[in-house]
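# An overview of the molecular structure
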Amino acid sequence: MNRIDFSHDTQAAAVIAASYDTPPMAYVHSYGCQQNVNDGEKIKGVLSDVGFGICDKLEEADLILFNTCAVREHAEDRVFGNVGALKQLKAANPRLIIGICGCMTQQQSVVDKLRKSYPFVDLVFGVNGIDTLPALLAEKLQKGRRLLQTPTERYDVVEEVPIRRDSTFRAWLPIMYGCDNFCSYCIVPYVRGRERSRKSADILAEFRQLVAAGYKEITLLGQNVNSYGKGLEEDIDFSGLLELLCAEEGDYHIRFMTSHPKDATPRLIDTMAAHPQICRHLHLPVQCGSDRVLAEMNRHYTVEQYLSLIDYAKQKIPGITFSSDIIVGFPGETEEEFEQTLDLIRKVEYMQLFTFIYSKRGGTRAATMPDPYTHKDKTARMARLLEVQDEIAARLARGMVGQTFRVLVEGHARQEGMLTGRLDNNLIVEFAADPACIGQYAEVLVEDARATVLKGRLAD
Ligand code: 5AD
Ligand code: SF4
């Protein structure tokens with residue numbers, strides 16, 4: 001574990017201040033998962049610390065940073081497209097600094113492509129280079145040349161990075177980094193490195209700061225939160241960490257993601273049941289409903305084991321809802337195997353599904369597997385899956401009509417005078433209320449459900 005010494009940043013701040021007549025502005029965009037969004041908040045924190053303002057318009061920026069995601073090819077294509085579009089901005093403003101960081105730049109092939117085909121990109125650094133950003137910027141400003149770092153194997157836990165959070169009432173709290181599971185389709189273990197957990201004392205300290213600052217929803221993040229604690233000197237697991245955090249007084253609730261089914265235990269469910277601060281919702285990505293495909297995916301559980309945990313949770317936590325990730329069209333997945341996924345979805349009755357067509361990622365084991373089905377076959381299967389899921393979610397939502405829920409009020413709905421609130425199960429309800437309640441809890445009676453769009457009113 002590392003505590004970074006930010007004292008060198010005073011030199012960087014001086015170089016930055018000397019390079020601009022007015023305080024420079026940075027535009028930072030994060031693609032992909034919450035972990036990446038949280039990294040983006042740290043990038044903004046580090047930049048604010050060395051004198052940058054943060055803006056939300058590309059045209060106003062002196063520095064543009066794209067914090068990228070590599071999990072699917074589509075995400076990478078989008079980034080390359082958006083980077084390409086920056087060429088014109090750079091032509092109009094040659095002093096503009098363009099940087100690319102995050103998971104994509106942990107791949108040498110991407111760094112090579114940026115070097116060769118995107119000459120207007122000035123800075124490249126990987127997922128663990130956030131603390132080096134001030135020095136990189138200072139060097140760029142002083143020497144003017146491009147600084148493209150090759151992917152590093154620097155996978156330590158860095159504490160006390162400045163952070164500028166996007167919300168004043170919902171916060172991301174990473175508890176571990178990296179992944180050791182090597183699911184055969186997934187690039188994450190290659191770009192984010194080995195699993196390492198933060199010390200519980202560091203997590204608790206950040207948690208306390210968040211609660212004291214009035215944060216209501218705190219989401220614990222990790223690629224596999226259930227393996228929290230492995231490799232630490234202290235004797236603690238994820239349930240133990242939840243218990244430690246739930247002992248804190250305050251007005252808050254806790255979410256967590258992602259739970260790998262192979263490591264999710266009845267003890268985790270018991271811990272959720274015992275603590276009302278933990279949302280009665282479990283995101284438990286199953287990926288597919290066929291034991292053969294699960295084995296090929298290297299997931300280490302069977303459909304039966306998965307369903308028995310879901311049943312246990314349904315028994316122990318009345319009203320619990322579930323969400324999941326599904327991959328459609330894994331190499332060699334047959335029609336029958338796909339139908340087993342539909343069966344599983346009908347059995348669990350998920351409130352929400354995050355569905356993905358399999359995307360081939362270079363360097364992963366699945367990339368070498370024969371993949372006889374066409375993209376068209378796979379999109380047709382996806383449409384069938386969504387139809388089944390939409391029907392289930394709409395039915396579950398209709399079942400909520402007439403019930404009152406505590407929601408966290410998040411913001412304005414499109415309709416004038418209406419606000420939005422988030423339920424435990426992640427659905428959004430719209431209701432009329434004073435905007436002063438944004439960021440607070442409210443009790444809302446659900447009166448109507450069209451598909452999964454809920455309408456309600458403040459409960460009496
Ligand atoms: N293709 C499609 N989906 C993928 N995921 C991860 N890798 C791939 C891939 N190569 C999905 C999984 C995972 C989620 C975060 O992204 O469903 O749970
Ligand atoms: Fe990827 Fe599997 Fe790790 Fe999740 S658990 S990040 S899907 S390798």
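These remarks concern the structure in this document. Worth saying up front: this structure is predicted, and the values here are computed from it rather than measured.

Around ligand 2 sit C179, N181, F182, C183, Y185, C186, V188, P189, Q223, H260 and R299, and those are all the residues in its vicinity. Taken together, the residues of the shell around ligand 2 break down into seven nonpolar, three polar and one charged.

Before going further, it helps to spend a moment on the packing of aromatic side chains. For the coordinates displayed, the defined rule picks out ten aromatic pairs. With 6.4 Å between their ring centres and 85° between their planes, Y185 and F330 make a pair best called edge-to-face. Residue Y185 is found in the loop between β10 (176–177) and α7 (188–192), and its partner F330 is found in the loop between β15 (321–328) and α13 (335–348); the two are separated by 145 residues along the sequence. Taken together, the ring pairs in this structure connect F80, Y118 and F120 into an aromatic cluster. Cation over ring: K113 sits above F80, and NZ or CZ is 3.9 Å from the ring centre. The ring of Y215 is capped by R165, whose NZ or CZ atom sits 6.0 Å from the centre of that ring.

This brings us to the environment of A432. Tracing the backbone through its elements, the reader meets A432 in strand β19 (residues 428–432). Look at A432 and you get partly exposed, because its relative accessible area is 47%. In sequence terms A432 and M418 are 14 residues apart; their C-alpha atoms lie 4.4 Å from each other. Discounting residues that sit within four places of it in the chain, A432 has contacts with G417, M418 and L458.

Moving on: the sheet that holds strand β6 (residues 123–125). Sheet strands line up and pair through hydrogen bonds in the backbone, either parallel or antiparallel. The six strands are arranged β3-β2-β4-β5-β6-β7 in an open sheet whose pairing can be described as parallel. Bordering the open sheet on either side are β3 (53–54) and β7 (147–148), each of which pairs with just one other strand. Sheet topology places strand β4 (residues 63–68) next to strand β5 (residues 97–102); six bridges connect them, and they run parallel. Looking across to β5, one finds that L65 is bridged to G99.

Note that I327 resides in strand β15. Take I327: its relative accessible area is 8%, and that puts it in the buried class. Residues within four places of I327 in sequence aside, it is in contact with Y185, Q287, M297, E333, F356 and Y358.

Turning our attention to unusual backbone geometry. Working note: non-glycine residues mostly have negative phi, and peptide bonds are mostly trans. Residues M257 and T258 are joined by a peptide bond in cis, for which omega reads 10°. Position of T258 among the secondary structure elements: in the loop between β13 (253–257) and α10 (266–274). We note that N426 has phi near 80°; this positive angle belongs to a residue other than glycine. Looking at where N426 falls in the secondary structure, it is placed in the loop between β18 (418–422) and β19. Even without glycine at this site, A451 takes up a positive phi of about 50°. Within the secondary structure layout, A451 lies in the loop between β20 (441–450) and β21 (453–458).

Turning our attention to the site of ligand 1. Around ligand 1, the structure places V71, R72, Y185, Q287, D325, I327, F356, I357, Y358, S359 and R361. Between ligand 1 and the protein, one listed contact pairs an oxygen atom with a side-chain N or O atom of R72 at 3.0 Å. In this structure, an oxygen atom belonging to ligand 1 sits 2.7 Å away from a side-chain N or O atom of Q287. Burial of ligand 1 by the protein amounts to 85% of the accessible area it has alone, namely 400 Å². Sorting the residues of the shell around ligand 1 by element identifies β15 and β16 (352–357) as the ones contributing at least two each. Of the residues contributing to the shell around ligand 1, the split by class is six nonpolar, two polar and three charged.

Turning our eyes to something else, we now look at the nonpolar core. I175, Y185, L220, F238, F256, Y306 and Y350 are the most contacted members of the largest nonpolar core, which has 70 residues in total. Examining the composition of this core, we find that six residues originate from one element, helix α12 (residues 303–316), more than from any other. Other than its neighbours up to four places away in sequence, I175 contacts S197, R198, I203, L220, L221, V225, Y228, F238 and L241. Formed by 29 residues, the second largest nonpolar core is a distinct cluster that contains L96, C103, V111 and L148.

The rules behind the values
- Residues numbered from 1 in each chain as written.
- Chains lettered and ligands numbered in written order.
- Predicted model: local features only at pLDDT ≥ 70, side-chain atom pairs only at ≥ 80, totals over all residues.
- Heavy atoms only, no water.
- Near = heavy atom within 4 Å.
- Nonpolar A, V, L, I, M, F, W, Y, C, P; charged D, E, K, R; others polar.
- Phe/Tyr/Trp six-rings, centres within 6.5 Å; stacked < 30°, edge-to-face > 60°.
- Helix = DSSP H or I, 4+ residues; strand = E, 2+ residues; numbered from the N terminus.
- Lys NZ or Arg CZ within 6 Å of the ring centre and 35° of its normal.
- Buried < 20%, exposed > 50% of the residue type's maximum accessible area, 1.4 Å probe, protein only.
- Contact = heavy atoms within 4.5 Å.
- Pairing = 2+ DSSP bridges.
- Polar contact = N/O pair within 3.5 Å; in protein donor to acceptor, adjacent residues only side chain to side chain.
- Areas by Shrake-Rupley, 256 points an atom, 1.4 Å probe, with all protein chains shown as cover.
- Core = buried A, V, L, I, M, F, W, Y, C linked by side-chain atoms within 4.5 Å.

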